[in-house]
Amino acid sequence: MMTGINFANKSHFAFGNKYKEKDKCIFISYKKEDVNEAVKIGDFIMENDIDIYLDIFDHDLKNAAKDENHELITKHLEDGISKSTHLLSIISEKTRSSWWVPYEIGYSKGSKINIASLLLKDFDDTNIPSYLKISRIIYDKRGFEQYLNEALVDYYCLFEKYSNENNSFISNVNKLKDILKST
């Protein structure tokens, strides 16, 4: 099975070029304290042959953060978003204190990128912030599976392959049971 790649790793990605065979890339937005969950979700997405941008491999961004170069930090995030077709924000209780997640959602909205928010198990969804309500909200594993299926529909070659084989698009979403809400 083919796998997606993380375009934040510059060895995989020339910022000047659009992707050759695929045109979908999901930018994963998250609060730094949720990096483990973001990595698990990113790995799961790549296992299903969808490309991502997850900033942990963006060494230029890390250097800009280390140097406290705020303009360059913002530029790298905006470049990653502008090269993506989707933004998936990973939302936990910790996200409530984030400055970057709302910024990335707002920048994506202005860039007309498909925006969705995935609520983690610990998130109290009785009081969802307004900035999340401007996008699709994914409440559980079933909603996440549906979101990825819809993202894959535009991958014509994969859609044909999986629909002809009568297989599900998505490998077992139960791999994420420890961080996603159940249906």
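None of these values were measured; they are calculated from a predicted model. (Residues numbered from 1 in each chain as written. Predicted model: local features only at pLDDT ≥ 70, side-chain atom pairs only at ≥ 80, totals over all residues. Heavy atoms only, no water.)

### What to know about the sheet that holds strand 2 (residues 51-53)
What the five strands build is an open sheet, ordered 2-1-3-4-5; its pairing is parallel. Unpaired on one side and paired on the other, strand 2 and strand 5 (136-138) mark the two borders of the sheet. Shown here is a sheet whose adjacent strand axes are inclined to one another by a mean of 30°, direction ignored. In the sheet, strand 1 (residues 25-29) pairs with strand 2 via three bridges, with the strands oriented parallel. Note on strand 2: the bridge partner recorded for phenylalanine 27 is tyrosine 53. Across the sheet, helix 5 (residues 141-153) lies against strand 1, strand 3 (86-91), strand 4 (114-119) and strand 5, angled at about 130° from strand 5, the strand it touches most. (Pairing = 2+ DSSP bridges. Helix = DSSP H or I, 4+ residues; strand = E, 2+ residues; numbered from the N terminus. Axes fitted to C-alpha atoms, helices over the stretch in contact; angles between N-to-C directions. Contact = heavy atoms within 4.5 Å.)

### Quick look at the packing of aromatic side chains
All chains considered together, the criterion is met by four aromatic pairs. Both rings, one in phenylalanine 27 and one in tyrosine 53, keep their centres 5.0 Å apart while their planes meet at 5°; by these two values the pair is stacked. Of this pair, phenylalanine 27 sits in strand 1 while tyrosine 53 is found in strand 2, placing the two residues 26 residues apart along the sequence. Relative accessible area serves as the criterion here: at 2%, phenylalanine 27 is assigned to the buried category. On the basis of relative accessibility, which here comes to 2%, the residue tyrosine 53 falls in the buried class. With a centroid separation of 5.7 Å and an interplanar angle of 90°, the aromatic rings of tryptophan 100 and tyrosine 103 are classed as edge-to-face. With tryptophan 100 and tyrosine 103 both in helix 4 (residues 100-110) and three residues apart, this pair spans about one turn of that helix. With a relative accessible area of 36%, tryptophan 100 lands in the partly exposed category. Tyrosine 103 sits in the partly exposed class, given a relative accessible area of 32%. Three or more aromatic residues joined by ring pairs form one cluster here, namely Trp100, Tyr103 and Tyr107. (Phe/Tyr/Trp six-rings, centres within 6.5 Å; stacked < 30°, edge-to-face > 60°. Buried < 20%, exposed > 50% of the residue type's maximum accessible area, 1.4 Å probe, protein only.)

### Comments concerning the nonpolar core
Ile28, Ile41, Ile45, Leu88 and Phe144 are the most contacted members of the largest nonpolar core, which has 27 residues in total. Contributions of two or more residues to this core are made by strand 1, helix 1 (35-47), strand 3, strand 4 and helix 5. Here isoleucine 41 is in contact with Leu88, Ile90, Leu118, Leu120, Phe144, Leu176 and Ile179, once residues within four sequence places are set aside. Counting residues in each nonpolar core, the second largest holds 21 residues, with Cys25, Tyr53, Leu61 and Ile115 among its members. (Core = buried A, V, L, I, M, F, W, Y, C linked by side-chain atoms within 4.5 Å.)

### Quick word on the side chain of histidine 76
Assignment of secondary structure puts histidine 76 in helix 3 (residues 70-82). The class of histidine 76 is buried, set by a relative accessible area of 8%. If we skip the residues at most four places from it in the chain, histidine 76 touches Tyr53, Asp58, Asp60 and Leu61.

### What to know about helix 4
Buried within helix 4 are the following residues: Val101, Glu104, Ile105 and Ser108. Angularly, the buried residues of helix 4 cover 100° about the axis, an arc narrow enough to put them on a single face. Next to the buried residues of helix 4 lie strand 1, helix 3, strand 3 and strand 4. Count one or two residues on from helix 4 and you reach lysine 112, which has phi positive near 60°. (Arc of directions from axis to C-beta.)

### Points about the pattern of salt bridges
For the structure shown, the criterion picks out eight salt bridges. Lysine 175 serves as the salt-bridge partner of glutamate 47, at 2.7 Å between the closest nitrogen and oxygen. Of the two residues, glutamate 47 sits in helix 1 while lysine 175 sits in the segment after helix 6 (156-164), which places them 128 residues apart along the sequence. Of the residues examined, glutamate 47 reaches a relative accessible area of 30% and is grouped as partly exposed. A salt bridge links glutamate 150 to arginine 136; its shortest N-O distance comes to 2.5 Å. Here the residue glutamate 150 occupies a position in helix 5, and arginine 136 occupies one in strand 5, the gap between them amounting to 14 residues. (Salt bridge = Lys/Arg side-chain N within 4 Å of Asp/Glu carboxyl O.)

Limitation: the analysis is restricted to geometry and does not speak to function.
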